[in-house]
Amino acid sequence: MSLKDWARTIKLDVHALYLAARDPRTPWYAKALAVCVAGYALSPIDLIPDFIPVIGCLDDVILVPLGVFAVVKMIPPGVMRLTAAQFSALLEGLDWGRVHEARREDGGPIEARHPFDR
């Protein structure tokens, strides 16, 4: 996986986590950790100040993706697939309600591939 693909995966996960946090099937502890990760990412206060060369930015590059990865692992896989599909539909300009209804009439499950699925 290239660095560009990895960055896209993190971007997809962050947006999918926002949608997953609003889902009632998401456990409360995953929601709490998601708030903590988002707070750390947006906070001007860092564990290692950014003005220290190299390692100042390194904590943001390592801790935030690890936090996102941990939250993704805490959320049930079905919820993550659903929210990834919702975000993909939003990116493509599709009306998610119409996409979801079409899938349910067909009787098949909503197919969405998440990069962390094996």
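In what follows, the structure referred to is the one given above.
Here, residues in each chain are numbered from 1, in the same order as that chain's written sequence. The predicted origin of the model limits local features to residues at a pLDDT of at least 70 and limits the giving and counting of side-chain atom pairs to 80 or more, whereas totals for whole chains, interfaces and linings rest on all residues. Note that water and hydrogens are dropped before the side-chain values are worked out from all heavy atoms of the structure.

1. Notes on a nonpolar patch on the surface
- A contiguous nonpolar surface patch, about 810 Å² in accessible area, is contributed by Leu47, Ile48, Val54, Ile55, Leu58, Val61, Ile62, Leu63 and Leu66.
- Elements are defined by DSSP. Helices are runs of H or I of four residues or more, strands are runs of E of two residues or more, and each kind is numbered from the N terminus. Take Leu63: it is sitting in helix α3 (residues 55-74).
- Exposure is judged per residue with a 1.4 Å probe applied to protein chains only, and the accessible area is read against the type maximum: over 50% gives exposed, under 20% gives buried, and values in between give partly exposed. Overall, the relative accessible area of 35% leaves Leu63 in the partly exposed class. Each patch is assembled from residues with relative accessible area greater than 30% and no salt bridge, linking like charges that lie within 9 Å and nonpolar side chains (Val, Leu, Ile, Met, Phe, Trp, Tyr) that lie within 5 Å. Surface exposure here means Shrake-Rupley accessible area, sampled with a 1.4 Å probe, where a residue is shielded only by the protein chains that are shown. Within this document, salt bridges are pairs made up of a side-chain nitrogen of Lys or Arg and a carboxyl oxygen of Asp or Glu, the two lying within 4 Å of each other.

2. Let's talk about the packing of helix α1 (residues 3-21) against helix α4 (residues 77-91)
- The contact between α1 and α4 brings their axes to 8 Å, and the two run at 110 degrees. Comparing their axes, α4 and α1 come out roughly perpendicular. As α1 packs across α4, the resulting crossing turns out to be right-handed. On α4, the residues that touch Leu12, Asp13, His15, Ala16, Leu17, Leu19 and Ala20 of α1 are Val79, Met80, Thr83, Ala84, Gln86 and Phe87.
- Polar here means any residue other than Ala, Val, Leu, Ile, Met, Phe, Trp, Tyr, Cys and Pro, which are nonpolar, and Asp, Glu, Lys and Arg, which are charged; Gly is therefore polar. Classifying every residue of the contact of α1 with α4 gives nine nonpolar, three polar and one charged. Note on method: axes are straight lines fitted to C-alpha atoms, helices fitted across the in-contact stretch only, with angles between N-to-C directions ranging 0 to 180 degrees. Just so you know how the angles are binned, under 35 degrees is roughly parallel, over 145 roughly antiparallel, 65 to 115 roughly perpendicular, and the rest oblique. Each helix crossing is assigned a hand: it is left-handed if the near helix lies turned anticlockwise from the far helix by less than a right angle, otherwise right-handed if that turn is clockwise. Note on contacts: a residue pair is in contact if any heavy atoms of the two residues lie within 4.5 Å.

3. Observations concerning the nonpolar core
- Nonpolar cores are built from buried Ala, Val, Leu, Ile, Met, Phe, Trp, Tyr and Cys residues. Side-chain atoms within 4.5 Å join them into one set. Leu17, Ala20, Val68, Val71, Val72, Ile75 and Met80 are the most contacted members of the largest nonpolar core, which has 14 residues in total.
- Taken together, the elements giving at least two residues each to this core come down to α1, α2 (28-42), α3 and α4.
- If near-sequence neighbours (up to four positions away) are discounted, Val71 is found in contact with Leu17, Ala30, Leu33, Ala34 and Val37.

4. Remarks on α2
- For α2, spanning 15 residues, the distance from its first C-alpha to its last is 21 Å, which sits close to the expected 21 Å at 1.5 Å a residue.
- Check the buried side of α2 and you find it contacts α3. Helices are assigned an expected span. That span is 1.5 Å times one less than the residue count.

5. Points about the packing of α2 against α3
- Between α2 and α3, the shortest axis-to-axis distance is 9 Å and the interhelical angle comes to 165 degrees. What the angle tells us is that α2 and α3 run roughly antiparallel. The interaxial crossing formed by α2 with α3 has left-handed handedness. Residues Tyr29, Ala30, Leu33, Ala34, Val37, Tyr40 and Ala41 of α2 form the contact with α3, whose own contacting residues are Asp59, Asp60, Leu63, Val64, Gly67, Val68, Ala70, Val71 and Met74.
- Partitioned by chemical class, the residues of the contact of α2 with α3 number 13 nonpolar, one polar and two charged.

6. Observations concerning the packing of aromatic side chains
- Aromatic pairs are defined between Phe, Tyr and Trp rings, using the six-membered ring for Trp, whenever the two ring centres lie within 6.5 Å; interplanar angles under 30 degrees are classed as stacked, those over 60 as edge-to-face, and all others as tilted. This structure, assessed with the given rule, holds one aromatic pair.
- Geometrically, the ring pair formed by Trp28 and Tyr29 is edge-to-face, given 5.9 Å between the ring centres and 85 degrees between the ring planes.
- What makes Trp28 exposed here is its relative accessible area of 67%.

7. Here we look at the pattern of salt bridges
- This structure, assessed with the given rule, holds one salt bridge.
- Its salt-bridge partner being Asp23, residue Arg25 comes within 2.9 Å of it at the nearest N-O pair.
- Judged by its relative accessible area of 12%, Asp23 is buried.

Purely geometric stuff here, so don't read any function into it on its own.
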